[in-house]
Each structure stands twice: as structure tokens, then as C-alpha cells.
Amino acid sequence: MFRDQNLIFIDFYRKVLTELVVCRPLSALTYVRYVLAFKLWKNVVADANEKKNINKIALQRLHPPPKFFQVCTKLNIQICG
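Only a predicted model underlies this, so the values are computations on that prediction, with no experimental measurement involved. (Residues numbered from 1 in each chain as written. Predicted model: local features only at pLDDT ≥ 70, side-chain atom pairs only at ≥ 80, totals over all residues. Heavy atoms only, no water.)

Caption draft 1: Up close: the packing of aromatic side chains. Under the criterion given, the structure shown has two aromatic pairs. Ring plane angle 70 degrees and centroid distance 5.0 Å describe the contact between Tyr31 and Phe68, whose orientation is recorded as edge-to-face. Of this pair, Tyr31 sits in helix α2 (residues 28-44) while Phe68 sits in helix α4 (residues 68-74), and the two are 37 residues apart along the sequence. By relative accessible area, which is 12% here, Tyr31 ends up buried. Seen in terms of ring centroids, Phe38 and Trp41 are 6.1 Å apart; in terms of plane orientation they differ by 35 degrees. Their pairing is tilted. Of this pair, Phe38 and Trp41 are both found in helix α2, three residues apart, which corresponds to roughly one turn of the helix. Assessed through its relative accessible area of 4%, Phe38 is described here as buried. Accessibility expressed as a relative area gives 1% for Trp41, which makes it buried. (Phe/Tyr/Trp six-rings, centres within 6.5 Å; stacked < 30°, edge-to-face > 60°. Helix = DSSP H or I, 4+ residues; strand = E, 2+ residues; numbered from the N terminus. Buried < 20%, exposed > 50% of the residue type's maximum accessible area, 1.4 Å probe, protein only.)

What follows is the structure, encoded as C-alpha cells:
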């Protein structure tokens, strides 16, 4: 049952996130939502090569909003690690 659900989620994430076109700077909240969506997509995929492909897609499609990292540093929010 979980395998069937994962296939549905994989198809959904692939359809929505690969067709994502960002023409203007995202707000911080929207950027974080997209990052979480890509992370959820990676969680339902089992293949390591497909996970690498998801990372490539995320890097191509998402760009942090202006001053995103400065605000995170100011608020003492740790981004990586």
C-alpha cells in the first residue's frame, strides 16, 4: 500500500516541481515551502540517482530571495549542518 502511495506522490512532485518556473524573486516563506517540497519528494524516492536528479532540479529552479542568508544569520538560524 505504501509503495502505491509513494508512486502517486512521486508522480505528483515530478509534475509540479519540474514544471516550476520562477520569474520573480520569491518571498522567504515561499522559498522555504519549495525547499520543503523538494525534500519531501526526495524522501519518497528510493533510488540514489533519482535523488541526485532532484537536487539538480532544485538547484536549477530555486534561487534564494535577496538577503535570505543575511536575515537567517541575523535571526541565528542555522541553514546547513
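Caption draft 2: Focus on the confidence of the model for the protein chain. In this model, the protein chain carries an average pLDDT of 81, and 91% of its residues clear a pLDDT of 70 or more. Per-element confidence in the protein chain is highest for helix α3 (residues 48-61), whose mean pLDDT is 91, and lowest for helix α1 (residues 2-18), whose mean pLDDT is 74. (pLDDT = per-residue confidence, 0-100.)

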